Amino acid sequence: MDSDELPRVEVYPGREAVVEFDPDLTFECVEGCTWCCQHGVLLYDKDFLELAERADLSAATTQFRGEDFVIREEKDRDDHVADDGAACYFLREDGLCELHAEHDWKPARCSVFPLEVYLEDGEIRVTTRDKAWEHCEGMNVSDRRVIENLDAFLPEYLWELDDPVTKREL
Ligand code: SF4
Ligand code: SF4
């Protein structure tokens, strides 16, 4: 669709996002799902520095194609793991994120899911991750419209990055 026909939302003062998903989309994370925490997580530079204040980077992160990621690791359990038995380094046995539960913080990429951010013509565009429709249990299960709560998904510093594209995987 031509970007002129798509809704533009001012997420922060002077910072707009072009919305490609259905404006009626609602979302609420479903306790115990943990699907999106079974993968490696991209860390923007700011995330990397903030993570250093909360965790041992040498144990928790790796570099791939010049970018930093939280690693996946094999877990000694059957729940909250992918088919290969691994999940995000920070996903605890109880299905909670250690960073979120113990530090009230998480990387930007974790906030953005189930959305996806990319740049076109210098503008931030927001859509839904294709895989979210297959695996994320929180799509359209509540009254919380995503378009009205975009600041909860998109940290403001995405607008300051040369490359805010979120779909970069380990
Ligand atoms: S850092 Fe936390 S929220 Fe992000 S994928 Fe890992 S466990 Fe999930
Ligand atoms: S996949 Fe969706 S419902 Fe499941 S933990 Fe992630 S955000 Fe929550």
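Look up a bit, the structure's there.
Here is what the cut-offs are and how they apply
- Residues numbered from 1 in each chain as written.
- Chains lettered and ligands numbered in written order.
- Predicted model: local features only at pLDDT ≥ 70, side-chain atom pairs only at ≥ 80, totals over all residues.
- Heavy atoms only, no water.
- Phe/Tyr/Trp six-rings, centres within 6.5 Å; stacked < 30°, edge-to-face > 60°.
- Helix = DSSP H or I, 4+ residues; strand = E, 2+ residues; numbered from the N terminus.
- Buried < 20%, exposed > 50% of the residue type's maximum accessible area, 1.4 Å probe, protein only.
- 1 Å grid on protein atoms, 1.4 Å probe; cavity = no way out; pocket = protein on both sides within 12 Å on 5 of 7 lines; lining within 4 Å.
- Points joined across faces, edges and corners; volume = space filled by probe spheres on them.
- Contact = heavy atoms within 4.5 Å.
- Pairing = 2+ DSSP bridges.
- Axes fitted to C-alpha atoms, helices over the stretch in contact; angles between N-to-C directions.

(A) Examining the packing of aromatic side chains more closely. As enumerated under the stated definition, the model contains six aromatic pairs in all. Where Tyr12 meets Trp159, the ring centres are 5.7 Å apart and the plane angle is 80°; that geometry is what we call edge-to-face. Within this pair, whereas Tyr12 is found in strand E1 (residues 8-12), its partner Trp159 is found in the segment after helix H6 (150-153), the two being separated by 147 residues in sequence. Among the residues examined, Tyr12 registers a relative accessible area of 15% and is labelled buried. Centre to centre, the rings of Phe64 and Phe69 are 6.2 Å apart; their planes meet at 70°, and the pair counts as edge-to-face. Residue classification places Phe64 among the partly exposed residues on the basis of a relative accessible area of 32%. Judged by relative accessible area, Phe69 falls into the buried class, the value being 1%.

(B) Structural detail: the layout of surface pockets. Put simply, the largest pocket is a space of about 740 Å³. Lining the largest pocket are 34 residues, and of these Cys29, Cys36, Cys37, His100 and Lys106 sit closest to its centre. Looking at the lining of the largest pocket, the elements with two or more residues in it are helix H3 (98-103), helix H4 (108-112) and H6.

(C) A look at the environment of Ala82. In this structure, Ala82 sits in the loop between strand E6 (72-74) and strand E7 (86-88). Separated by 56 residues in sequence, Ala82 and Thr26 place their C-alpha atoms 26 Å apart. Not counting chain neighbours up to four residues away, the residues in contact with Ala82 comprise Gln38 and Arg72.

(D) Spotlight on the sheet that holds strand E3 (residues 41-43). Pairing is antiparallel across the open sheet formed by three strands, whose spatial order is E3-E5-E4. Single-partner strands in this sheet number two, and they are E3 and strand E4 (61-64). Between one strand axis and the next, the sheet turns through 40° on average, direction left out of account. Note that E3 and strand E5 (residues 67-70) share three bridges and pair antiparallel. Opposite Leu42, over in E5, you have Phe69 as the bridge partner.

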